[in-house]
Amino acid sequence: MKEILFYEEGVELPAFFSGKLIEDWLDVIAFHYSRRIGALSFVFCNDDYILDVNRKYLDHDYYTDVITFDYCDGQTLSGDVFISLDTVRSNAVQFGVDFESEFHRVVCHSVLHLIGFKDKTDPDSALMRKNENICLDLLKTV
């Protein structure tokens, strides 16, 4: 059963955010990769919140833009996604892109992890980036 939830922890969602757009886009991404959407929750938070999640559940002591917990079952994409809007904003500045573009890149990055893409090695990162670009192109069709 499809269920996509959005939460805010210590942040306000940006003005451009549309839950309906994200839901429709995720359906298109899932279809493109022969998957379907199950239960997904997105927690949009600040750096302190994501650092706490990183320390508590992954034993990592650093900030990050996104943490994805995978609960997929077969072809059904399910999981909990934590996205630090602080880090997304600073990454946008660092990479010379607008905040909205970086926001969407991080959202699809999390879903690509659920699909099975990795990013720990250079070849995996290159493949992840290629698929992020595919997903961003799919956003234009929604």
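Residues numbered from 1 in each chain as written. Predicted model: local features only at pLDDT ≥ 70, side-chain atom pairs only at ≥ 80, totals over all residues. Heavy atoms only, no water.

## Side note on the packing of helix H4 (residues 99-115) against helix H5 (residues 122-139)
Two numbers describe how H4 lies on H5: the axes approach to 9 Å, and their chain directions differ by 120°. The crossing of H4 and H5 is right-handed. Note on element contacts: H5 touches H4 through Met128, Arg129, Asn131, Glu132, Asn133, Cys135, Leu136 and Leu139, opposite His104, Arg105, Cys108, His109, Leu112 and His113. (Axes fitted to C-alpha atoms, helices over the stretch in contact; angles between N-to-C directions. Helix = DSSP H or I, 4+ residues; strand = E, 2+ residues; numbered from the N terminus. Left-handed = near helix turned anticlockwise from the far one by under 90°. Contact = heavy atoms within 4.5 Å.)

## Thoughts on the pairing of strand S4 (residues 76-84)
Among the nine residues of S4, eight are classified as buried, and the element is accordingly described as predominantly covered. Both strand S2 (residues 36-45) and S4 contribute to a ladder of eight bridges, which runs parallel. Residue pairing in the sheet places Ile37 in a bridge with Leu77 of S4. Where strand S3 (residues 66-70) lies against S4, five bridges are found, and the strand directions are antiparallel. Looking at the pairing, Val66 lines up with Ile83 of S4. Between S3 and S4, which pair antiparallel and follow one another directly, the connecting turn spans five residues, one of which, Gly74, has a positive phi of 65°. (Buried < 20%, exposed > 50% of the residue type's maximum accessible area, 1.4 Å probe, protein only. Pairing = 2+ DSSP bridges.)

## Section: the sheet that holds S2
Within the open sheet, the four strands sit side by side as S1-S2-S4-S3. Their pairing is mixed. Edge positions in the sheet fall to strand S1 (3-9) and S3, since each of these pairs with one other strand and no more. The mean angle between the axes of side-by-side strands here comes to 15°, regardless of whether they run parallel or antiparallel. Running over the sheet, helix H1 (residues 19-32) touches S1, S2 and S4 and is turned about 135° from S2. The sheet strands contacting H4 are S2, S3 and S4, and the helix crosses S3 at an angle near 25°.

## Examining the packing of H1 against H5
The interhelical angle for the contact between H1 and H5, taken along N-to-C directions, is 125°, at an axis separation of 9 Å. In terms of orientation, H1 lies oblique with respect to H5. As H1 packs across H5, the resulting crossing turns out to be right-handed. Residues Leu21, Trp25, Val28, Ile29 and His32 of H1 touch H5, and the partners they reach there are Ile134, Cys135, Leu136, Leu138 and Leu139. Class assignment for the residues of the contact of H1 with H5 results in nine nonpolar, one polar and no charged. (Parallel < 35°, antiparallel > 145°, perpendicular 65-115°, else oblique. Nonpolar A, V, L, I, M, F, W, Y, C, P; charged D, E, K, R; others polar.)

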